[in-house]
Amino acid sequence: MSEVVYEETATMIAAGELQSFVPFGRDHCKNHPNAFNLQLRELQPASELWSSDCAAGLVGSLQEVSLQEKEKESWQLRKGSADALEQDVEFEEELYAAGNVVVWSQGSRTQGSNVYKAFTVDSPVEQALWCNFSVPQSKNDEEKVEHTVCIVQNGCVNIHSVTGKDFLSPLPIQVSKVWPTKFGLILERKITAADGQLSAPGESLPTVFSMLHPIDEVAPVVCKPTGSMEGSCVEYMSDTTMKIVFACCQPSIVVSYDTVQGTHSVWSLRKVTHEERSTLLRCPAEPFSGPLGFLATDFLMSHLRNFSRLDSPGGSKPARFNPGAAQSGAVSSPLHYSSLHNHQSRILMSSPGIHSRIHSPSISNMAALSRAHSPGMAAPSLSGMARFNTTLHSSSPRGHHGVLHSPNSTTNETLLLPELEPIIPDLCMEQLWSETTSAPATFNSLDREMSSQASKVFLTSDVCENRYLCFLVESHQQLRCVKFVESNDKSQFIFASVTCIAAKDAEPLQNIDAMLVLEACGSLVLYTGITRVSTVFVPGLLSSTFSLTNHRASLYMLEHVSTPTEAGSRRLQRLDEAAMPSPVSELRSAYMKHQEGSFLDDYTFQQATPYIHALRDPVCNRVTLELSNGTMLRISIPDIATSELVRKCLQAIRFILPKEAAMKVLVKWYTICNAPGGISAHAEWNLFVTCFLTLMGYNTERLTWTRNLQFEVPLSPVIAAKKARPCDAGSDEDWEYLLGSHYHHQMSSFSGFGPADSSGVKETATADTEGMSSSSSLSSASPTLDNSAPLFAHIPALFYVLHLLYQELLLNELHRERASSLVCLLQQLARDLQLEEYVDLYWRDYPSLIRGFTESCLIDQTLIGQMQHPSFLRAEPPCVFSWLSSCLRGEEAPPFPYLTGICHRIRLLVLSYALYISGDDNATSSNVAKYLVKLSAGQKSCASEQQNKRQSSINQVEFCSESLSEQLVVWLTSEGFTLKDLESVPFGVALPIRDAIYHCREQPCADWSEEVCLLIGRQDRTRQAHKMSLAKNKASLSSSLSLEPPVTTETDEEEDGMSDIVQEVTGLIWSQDLRVLEVRRLLQSSRPVRVSVVQLPEVSDHEYIEEKENKLLQLSQRTMGLPVGRGLFTLFSYQPVPTELLPIPKLNLTGRAPPRNTMVDLNSGNIDVPANMTSWPSFHNGVAAGLKIAPASQVDSAWIVYNKNKSQEMANEHAGFLMALGLNGHLTKLATLNIHDYLTKGHEMTSIGLLLGVAAARIGTMDMSTTRLLSIHIPALLPPTSTELDVPHNIQVASVIGIGLVYQGTGHRHIAEVLQSEIGRPPGPEMEYCTDRESYSLAAGLALGMVCLGQGSNLIGMSDLNVPEQMYQYMVGGHRRAQVGASRERHKSPSYQIKEGDTINVDVTCPGATLALAMIYLKTNNRSIADWLKPPDTWFLLDFIKPEFLLLRTLARCIIMWDDILPNTEWVKSNIPKIIRGTLDSSQDINMETRTQAQDYITAGACMALGLRFAGSANSDAFDCLYEFAKSFTKAMSLSGAAAAQPGYYNLQTALSMILLSMSMVMSGTGDLKVLQLCRFLHYRTGGEMNYGFHMAHHMALGMLFLGGGRYNLSTSNSAIAALLCALYPHFPSHSTDNRYHLQALRHLAVLAAEPRLLVPVDVDSLKPCYALLEVTYKETRWYAETTVELMAPTMLPELHLLRRVRVKGPRYWELSIDLNKGAQHLKSVLSRNGVLYVKLRAGQLSYKDDPQGWKSLPTSAINQRNSGVRAFKLEAISTFTSEPALLSFAEFFCKASDGMKHREETVALFSTMLYECVTQECPEMLPTYIAIEQVVGALCRGELQHSFSLWQMRLVLDLWEGRVLRRPANCRDALLSSEFLPIMKNKVDVALDGWLKDNSSALRSYMRGETLSEDLCSPMLACFLVSRSLPYLRNTTQLQGCTSFGDLLSRSSKLGIQLRDLLRLAPVLLEAGPGIQTLLAH
């Protein structure tokens, strides 16, 4: 065992923030309604309660006692997790449990605690803990973490997630303790006396179980011990002597204690591997010895499985396993399976179906039931008889000899045991380390358990990142710390030595890498790892090392320290009371074991002052002290540093030093800075410098600048208590600090000299100079260094890392002050190490600061040899600015050194420049070493890199884009770089990054993440990406911008069911007219119709009433046909409220007769009205209402059932509503139980709607449960022996179509075979299947077509079915084939009603067969099949075919030859056979009716094919062609007389309806006016043969024309064509109850062909829809080349597979391109969420609505010349250009002249120009850069620059400008900085510097010669000149000395890297020649 390292023994640090602590939950419980129950109840003593939540640390339990009651309470604290609160405040969370109540509260230091959640359960809480469960996501492998609170009761565990899910999980075992882990819960079984009696430990049942999710089953945990003979033997965790004492999530480990051996073991917890699982399941008898071991396992597993959490407790069967159990009573047996039940045995829950564990998540739908269960699920037994006795009674004393031979059982009964495979284990514990045996053999087991079981285990780390596992063995009063390290591949942990620390208690302090130890004497000591740091002084609490008699004083102090929040009842006891044996002595906390000594010791100790008795609840750096008198105090241990600079320096020191040296430095520093009394923040740096230099061997008293550093002297402990909190109000010292500050010196006198740094050097300039001169004259010799100091040898390495830290600080504007502090320290070290170039660099950076430092300490040459000079220390100082500058100038530069985890920004910026400026694509990946060299200290673990690298939600991106700017932006974001970071980068360094951002902003990729869009400042993209990520995370649409429909108040508006159409969008699409209102008027069916009949004089009143009612009956046919169209019009336009019913508008069939508006009703009895006339229209009305619900709405099973109406009249509408829910995909959420309920009602419509809906919701999935559901209703799919069910005909039709939908496109052989035979199903047997056979045959044909959709000749495995030949036979007729298989049995007896003979009845089978053929060969262009479908070319054959079938054949033939369809009339006419088209021969006897009917129907079929081919395309040629035919048919209908009589009105109307539907398919979603006019014309035709079916067709056309309110369009995919064929079958019903040829419900399947294709631009600032110009590029096809068209959005996009690119065009909006070559997924997701595409107006542009022609925008006024633009620019108009608040404020405050302004005109003009540039160039973020450049130049011209920092920035700006802009073509206007502004500024800089050079050339000359400069020459201007002219350090070179000619100078200087233009300016100084040369150069 290694020993403790004692660093500082005599030191002491002060703890801060002392406050009394009372758990918040305790007070809350007093006011809790359940509190009186708690007081009445007598509760058990507190059990041990430990949590393993690593963030929170460990839990104790405390008892509060009064003589009346004992109440068990426990609590635990943890650091608040960020997702719980939406803020960055650090807060604590407390979980408090007492009695039946658990309170989860949150509170921070600034805010008081408040209850987050409180839970009350039914029985006393045994344990409450936080636990995170991982829920696997179905789509990919990632897991979602569910944060929960688990409340363990006796027999069950309640789990409540933060998101509001509740679970009640019964426990099949008696649990002693529950532990949270990374994977879920670990349950430890309670070990009972029976377990101890077992003969060998191997025979017992598993003792540890896991629960990975609340709805998962409890599974045993397996273990893999080390040192076993088999090596990799895996066995169940069944050792009863092993107790778990600790579990942890990160890393995932478990600590256990062996009660026999008395040792602790550490196990890693992981998922079971596949091999281990199979090993266990192959030989499950392994863990149990004995022949019946297998049975025992099985029995346990089957019981665990039977104890299902979804079964009701009613079905208990106590005597199932053992018939004698109930009579014989509980005979105790050695093999007592008491792990499975409580002492009051558990009720058996018999399980109806044994789920295997793998499928258990599939019951999650049922998880809702678990909430409804009463707590009786896990309650004690109901009666003695009903007990579940698992004791397999055994008469023998040895359990495993005769497990099953109980006195009452026979051998046969053993077969009753269910044969089940064991539950598969999930987790495995692999042993990592075990203690060496420590307990002597003489102890008995109880003593041993008491003697060395750890009462507390925790993880801690020290300041050098070593990690320790510590366990407190309280009886030995020692803390054992085991050091462990992670292996290189991160897969396992290696445990090293054990160190023992004497301790009574201990807790980790995570934030400061330390732990607090309570020693036996009662003092608190701080350790970091195993290094003792110091004693902790708690103000107001005397350590127990003081004399015991001094109790009065300490008591008195404590009372005064305690905070005012302490309740009055908590007063301290009086002294005489304390002298008595208080009850507290008996009431030690549960984990304080009584091994400390005799009662007498306790008694004497008790009389003393309250001492610290225990520690608990560590969170971050706070911990609770539990005092001996029961009160608790919360203290915080101070941090290692409060100043950011000190923290960074310590980090660098720790990085480079060996661990031992680093530990010494850090401990030393910690004890100095946290001594009682403390220091204020601004003195911390001074203290650090002094401490640091002293450790290096400096005598800080001998150096003037360190001697004058001010820091407070540690105060005496008495004052310390008062001084612990620094006062916020301010004091005189603050004023003095300001007076002495560096800034004050600079401002008071520029020439004045101040070596002060920013952190509080208090000295005046004169005193400084006097002090320095006197000190230098006094000390004859320079001070020397002490080479025995601990850090002496490391000075060079430390200097170098601090120099790199200084370079890092320079790259952050916010750290500049810190850099100036650090430079004082660095210059001293550089001087002493004689690194002249470094000193020169520091002087150039801070000339006015550095020139005051002249002292140096001599280091002997021999001593320099003792120092360790690291290889990385170069003579040339690394300067990040000069590296970046050379990169901008295109020069080669050596790789820049950086420290991992410390120089984050150096790495980021160097690589950014390498990528963007040098153009190296691989700079951030493979070529990093070319630009950066990583310093390593040899011992550094990469853990800090992990911690310091800022995490980002973006993973490392693979670059696929060509542009460097895009690569840079994406890479920066992946590194976690944000706009906020960019603002703190100095303006010159940041300019290239801003340039890259500016270029990316023009055309961002559509699929960039939210973070990238934020960085480039495209709010429109950010918002879009944000919505995308929201949609990925949760399927809630409510969060996205929902284009809300207007709220209407008038009742008539609401009840027509169409008020949800979004008028904001329709108003933009159809802004010129009111067509949407007209459609609403035409489609409304909820108001009475107008019945205008004129009463002629000869008509009696009675006849007149009849006439009105007959007219109303005609109008009602139209009203009943409206809902189908309304459903299409309002498609997916509504989001239902889960608490409200869906409003269904009523179908109003009454009328009003003018002029008196009298009511006309059909129910008066004057005329005959068909029975149930309204049943199908009501169904359609329900569908129309349900189709309004958008697919993304929140709909669940409960809401669906909630909409069920009790009244029978509404049943049809609810049936339609169910079908609609299926069509929009919500019926998948309907529970199986509810489906069963609906179907058992036997309501025909409900069954039809439900079956079609369920099938549509699972289209193409081959879902088994749906298949079973549908098969019950199709006799052909049932086995021949099954009971014949009386299924109504229409339900059979719906089920057949349903099967087709579920198996769509799958080519399933069995289903296809059945459907093929069903097309030609003969009538019978007996009276069955005699009516409406056509619709069944058609349904079978459509279903067959769907199953084999588009598969054509690729029908795999179906060649023997001869599908095409069979279809042809069904089409043309022929001899019926013999029935085979099951159907032959069914059709043995013939039909009693229809005699068909042996031939096929073509009238029944032809339509189904034709369409089946069409769908099977859809788009295959198979000419041989198409030729079968040609119309016959002789008059004789034409007479044999019904004209309707000609329509179907033509349609089928055309869609098979898909690519031949052309949008012109010639193509349509080409389908008509020549003999019909040709001239008639009068000699032939030709039936004219046949001819015209055939011609009309063939035309209609071709038109319908044309409509399908161009559906949703709005193709103008196709539309014109169809419109021509529509006009000619309308004309033909209007001609009365012989011509119309020939084909018959009905046929013409059918053809016209089909053509109208075809037109609306082509123009769907566009709302075309010509089609609307035709629909309206037909709407008003109500008389004659205009029946219900035609009205339905016309209004379907109208609905399709405005599909989804203009947001949806039709697709031409195979499945969409199939759906349209079902919906638009060209035989419409003749009356409202007609389903003979086609089931009416199928008309709604058109919805399946709809897809969202409307793109709506939404202005990101106003969030209102707007117009925007789109450029849409079509891919090349065989019909046209790649084409680009311009569309004004909102617009309907073409089908996405036809497109190459969609682009938002300028100039008004920021451009955005969506490239569909990369995949259309992004655009699809945009369209699916209301099609909202966010766009952003450019500055100075107005929207198209405000400025249609573009004449009012800003750039138009300034198009002629730039200057006129600036002059024309009115500040008042700025608000039209930009909505940026910063720019508006700038215009108001800076661009208007005010009174006190110097050079008023110039300043205002300058600022206005800057503002104009920023606004017109769209780069408002450049305004600060412009101002900064102007300020730098101004300060330089006035000679006020005190440091060269800003000149470096100026130089970088000019380098970039020259490198990039000057090389660009002249007309290129994408430069970020205006091309006029910079040359002017550059010129000013040159003039100022040249002016200085003229006057001060001697200073420059002497600098270059290396002479020491006098103080007046050593001005900041010289440094600025050197920086600006990029002169290298020339002091020790004579390279430029003695040049006589300019050529000579040029050749020498080229080696030094001086630029030519700078050399020209220096030449006069360097060439000491006559004035001739100077004049020459001047010209």
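Keep in mind that what you see is a predicted model, and the values were worked out from it rather than measured.

### Looking at the overall build of the protein chain
In terms of helices and strands, the protein chain carries 74 helices and 47 strands. Intrachain contacts of the protein chain at a sequence separation of at least 6 include 70% that bridge at least 24 residues. Carbon and sulfur atoms form 53% of the exposed surface of the protein chain, whose accessible area is close to 84,200 Å².

### Points about the environment of Glu1489
Along the chain, Glu1489 turns up in helix 55 (residues 1488–1509). Counting along the chain gives 55 residues from Glu1489 to Gly1544, while the straight-line C-alpha distance between them is 8.5 Å.

### Points about a nonpolar patch on the surface
Taken together, the side chains of Phe1436, Leu1437 and Phe1440 define a hydrophobic patch exposed on the protein surface, amounting to about 370 Å² of accessible area. When you line up the elements, Phe1440 lands in the loop between helix 51 (1435–1438) and helix 52 (1443–1456). With a relative accessible area of 61%, Phe1440 lands in the exposed category.

### So, the sheet that holds strand 37 (residues 1151–1153)
An order of 36-37-38 is seen for the three strands of this open sheet, with the pairing classed as mixed. The open sheet has two free edges, formed respectively by strand 36 (1089–1090) and strand 38 (1158–1160), since each of these has just one partner strand. Bridge analysis of strand 36 against strand 37 gives two bridges, and the strand direction is parallel. For Arg1090, the partnering residue across the bridge sits in strand 37 and is Arg1152.

### Section: the sheet that holds strand 14 (residues 185–189)
Taken together, the four strands give an open sheet; going across it, the order is 13-14-15-16, and neighbouring strands pair in antiparallel fashion. In the strand order of this sheet, the two ends are held by strand 13 (175–180) and strand 16 (219–220), each with one partner. Across two bridges, strand 15 (residues 208–211) lies against strand 16 in antiparallel orientation. Looking at strand 16, one finds that Phe209 is bridged to Pro220.

### Quick look at the pairing of strand 19 (residues 242–248)
A large share of strand 19 lies buried, amounting to six of its seven residues. Pairing analysis gives six bridges linking strand 19 to strand 20 (residues 253–258), with the strands arranged antiparallel. Of the residues in strand 20, the one forming a bridge with Ile244 is Ser256. Hairpin connection, strand 19 to strand 20: the antiparallel pair is bridged by four residues.

### Brief notes about the packing of aromatic side chains
Under the criterion given, the structure shown has 32 aromatic pairs. With centroids separated by 4.9 Å and ring planes inclined at 80 degrees, the aromatic side chains of Tyr1826 and Phe1877 adopt a geometry described as edge-to-face. Remark: Phe1877 occurs in helix 70 (residues 1877–1905) and Tyr1826 occurs in helix 68 (residues 1823–1838); sequence separation between them is 51 residues. Members of the aromatic cluster, each reached through a chain of ring pairs, are Trp433, Phe471, Phe484, Phe493 and Phe495. Taking NZ or CZ as reference, Arg1509 lies 5.2 Å from the ring centre of Phe1510, over its face. When the ring centre of Phe1628 is taken as origin, the NZ or CZ atom of Arg1643, which lies over that ring, is 4.0 Å away.

### Thoughts on the environment of Met1262
Along the chain, Met1262 turns up in the loop between helix 42 (1244–1257) and helix 43 (1264–1271). Measuring from C-alpha to C-alpha, the distance between Met1262 and His1308 comes to 9.0 Å, with 46 residues separating the pair along the chain. With residues near it in sequence (within four places) discarded, Met1262 still touches Thr1267, Val1302, Tyr1303, Thr1306 and His1308.

### Things to note about helix 66 (residues 1781–1790)
Since the α-helix turns once every 3.6 residues, residues separated by three or four places project in the same direction. Here helix 66 has its buried residues at Leu1783, Phe1786 and Ala1787. Angular distribution of buried residues about the axis of helix 66 spans 100 degrees; they occupy a single face of the element. Opposite the packed face of helix 66, turned more than 90 degrees from it, sit the exposed residues Pro1781, Ala1782 and Phe1789.

### Points about the side chain of Asp505
Tracing the sequence through the fold places Asp505 in strand 27 (residues 505–509). Within the structure, the side chain of Asp505 is placed 2.7 Å from the side chain of Lys456, a separation counted as a polar contact. A polar atom in the side chain of Asp505 sits 2.8 Å from the backbone nitrogen of Leu615.

### Some thoughts on the pattern of salt bridges
Per the stated rule, a full pass over the model turns up 49 salt bridges. Linking Glu92 and Arg634 is a salt bridge whose minimum nitrogen-to-oxygen distance equals 3.2 Å. Of this pair, Glu92 sits in strand 6 (residues 91–98) while Arg634 sits in strand 33 (residues 632–636); the two residues are 542 residues apart in sequence, bridging distant segments of the chain. For the pair formed by Glu92 and Arg634, the shared burial category is buried. Between Arg1321 and Glu1318 there is a salt bridge, with the nearest N and O atoms lying 3.5 Å from each other. Each of the two residues, Arg1321 as well as Glu1318, counts as buried. Each of Glu1671, Glu1686, Arg1703, Lys1705 and Glu1711 takes part in a single network of salt bridges with overlapping partners.

### So, helix 58 (residues 1545–1562)
Look at helix 58: 26 Å from first C-alpha to last across 18 residues, which is about the 26 Å you get at 1.5 Å a residue. Burial runs high along helix 58: 16 of the 18 residues are buried.

### Comments concerning the side chain of Arg1118
Looking at the secondary structure, you find Arg1118 in helix 37 (residues 1101–1129). No salt bridge forms around the buried Arg1118; measuring N to O, its nearest opposite-charge neighbour Glu1078 is 11 Å away. With residues up to four places along the chain from it excluded, the contact list for Arg1118 reads Val1089, His1579, Tyr1580, Thr1582, His1591 and His1595.

### Quick look at unusual backbone geometry
Cis geometry is found at the peptide bond from Gln250 to Pro251, where omega equals 0 degrees. Its place among the elements puts Pro251 in the loop between strand 19 and strand 20. Here the bond from Ala1689 into Pro1690 is cis, since omega is 10 degrees, no more than 30 degrees from zero. Within the secondary structure, Pro1690 sits in the loop between strand 43 (1683–1689) and strand 44 (1691–1692). Not every positive phi belongs to a glycine, and Asn1172 is a case in point at roughly 35 degrees. Here Asn1172 is to be found in the loop between strand 38 and helix 38 (1175–1187). A relative accessible area of 55% means that Asn1172 is categorised as exposed. A positive phi angle, close to 55 degrees, is found at Leu1663, a residue other than glycine. Tracing the chain through its elements places Leu1663 in the loop between strand 41 (1654–1659) and strand 42 (1668–1674). For Leu1663, a relative accessible area of 29% corresponds to the partly exposed category.

### Considering the packing of helix 47 (residues 1363–1372) against helix 49 (residues 1402–1416)
Between helix 47 and helix 49, whose axes approach to 7 Å, the crossing angle comes to 145 degrees. Both helix 47 and helix 49 take part in a crossing whose hand is left-handed. Counting all contacts with helix 47, which are made through Val1363, Pro1364, Met1367, Tyr1370, Met1371 and Val1372, the residues of helix 49 involved are Val1402, Thr1405, Cys1406, Ala1409, Thr1410, Ala1412, Leu1413 and Ile1416. The class makeup of the residues in the contact of helix 47 with helix 49 is 12 nonpolar, two polar and no charged.

### A few points about the packing of helix 20 (residues 795–810) against helix 22 (residues 836–845)
One way to put it is that helix 20 packs onto helix 22 with a least axis distance of 13 Å and a crossing angle of 25 degrees. One finds that helix 20 runs roughly parallel with respect to helix 22. Considering only the axes of helix 20 and helix 22, their crossing is left-handed. Of the residues in helix 22, those in contact with Phe799, Tyr800, His803, Tyr806, Gln807 and Leu810 of helix 20 are Tyr838, Leu841, Tyr842 and Asp845. Looking at the contact of helix 20 with helix 22 residue by residue, the class counts come to seven nonpolar, two polar and one charged.

### Re the confidence of the model for the protein chain
Looking at the protein chain, the pLDDT average stands at 77 and 73% of residues meet or exceed 70. Counted against residues more than four places away or in other chains, residues 1969–1979, with its pLDDT under 50, gives six contacts.

### Topic: the environment of Thr1683
Turning to its location among the elements, Thr1683 is positioned in strand 43. Overall, Thr1683 belongs to the partly exposed group, its relative accessible area being 31%. On a C-alpha basis, the gap between Thr1683 and Val1672 in space is 8.3 Å, while along the polypeptide they are 11 residues apart. Excluding its chain neighbours within four sequence positions, the residues that come into contact with Thr1683 are Val1672, Thr1673 and Tyr1674. A polar side-chain atom of Thr1683 sits 2.7 Å from the main-chain carbonyl oxygen of Ala1681.

Definitions and cut-offs
- Residue numbers restart at each chain and count upward from 1, following the sequence in its written direction.
- Totals for whole chains, interfaces and linings use all residues, but because this is a predicted model, local features are given only for residues with pLDDT of at least 70 and pairs of side-chain atoms are given and counted only at 80 or more.
- Excluded from the side-chain calculations are hydrogens and water; all other atoms, namely the structure's heavy atoms, are used.
- A run of DSSP states H or I qualifies as a helix once it reaches four residues; a run of E qualifies as a strand once it reaches two. Both are numbered from the N-terminal end.
- Contacts are assigned to residue pairs that have any heavy atoms within 4.5 Å of one another.
- With residues, only the protein chains shown are counted as cover, and all accessible areas are computed by Shrake-Rupley using a 1.4 Å probe.
- A patch consists of residues whose relative accessible area exceeds 30% and which take part in no salt bridge; residues with like charges are grouped when within 9 Å of each other, and nonpolar side chains (Val, Leu, Ile, Met, Phe, Trp, Tyr) when within 5 Å.
- Note on definitions: salt bridges are taken to be side-chain nitrogens of Lys or Arg within 4 Å of carboxyl oxygens of Asp or Glu.
- Here the term buried applies to any residue with accessible area under 20% of the maximum for its type, exposed to any over 50%, and partly exposed to those in between, with areas from a 1.4 Å probe on protein chains only.
- Criterion used throughout: strands pair if DSSP finds at least two bridges between them.
- Centres within 6.5 Å are what make two rings of Phe, Tyr or Trp a pair, Trp counting through its six-membered ring; a difference in plane orientation under 30 degrees is then read as stacked, over 60 as edge-to-face, and the rest as tilted.
- In this scheme, the term charge over a ring applies when either NZ of a lysine or CZ of an arginine sits within 6 Å of the ring centre and within 35 degrees of the ring normal.
- Directions from the helix axis toward the C-beta atoms define the arc.
- For the purposes of these results, a polar contact is taken to be a pair of N or O atoms within 3.5 Å, where, inside protein, one atom must be able to donate a hydrogen and its partner to accept one; residues adjacent in sequence count only when each atom of the pair is a side-chain atom.
- What a helix should span is 1.5 Å times the count of its residues minus one.
- For the charge count, each Lys or Arg is scored as positive and each Asp or Glu as negative, with His and the chain ends excluded.
- Here the axes come from fitting lines to C-alpha atoms, over the contacting stretch only for helices, and the angles between their N-to-C directions go from 0 to 180 degrees.
- It is the rotation of the near helix from the far one that decides the hand of a crossing: anticlockwise by less than a right angle makes it left-handed, clockwise makes it right-handed.
- Classes in brief: Ala, Val, Leu, Ile, Met, Phe, Trp, Tyr, Cys and Pro nonpolar; Asp, Glu, Lys and Arg charged; the others, Gly included, polar.
- For this classification, under 35 degrees means roughly parallel, over 145 means roughly antiparallel, 65 to 115 means roughly perpendicular, and everything else is oblique.
- Known as pLDDT, the predictor's per-residue confidence is scaled from 0 to 100.

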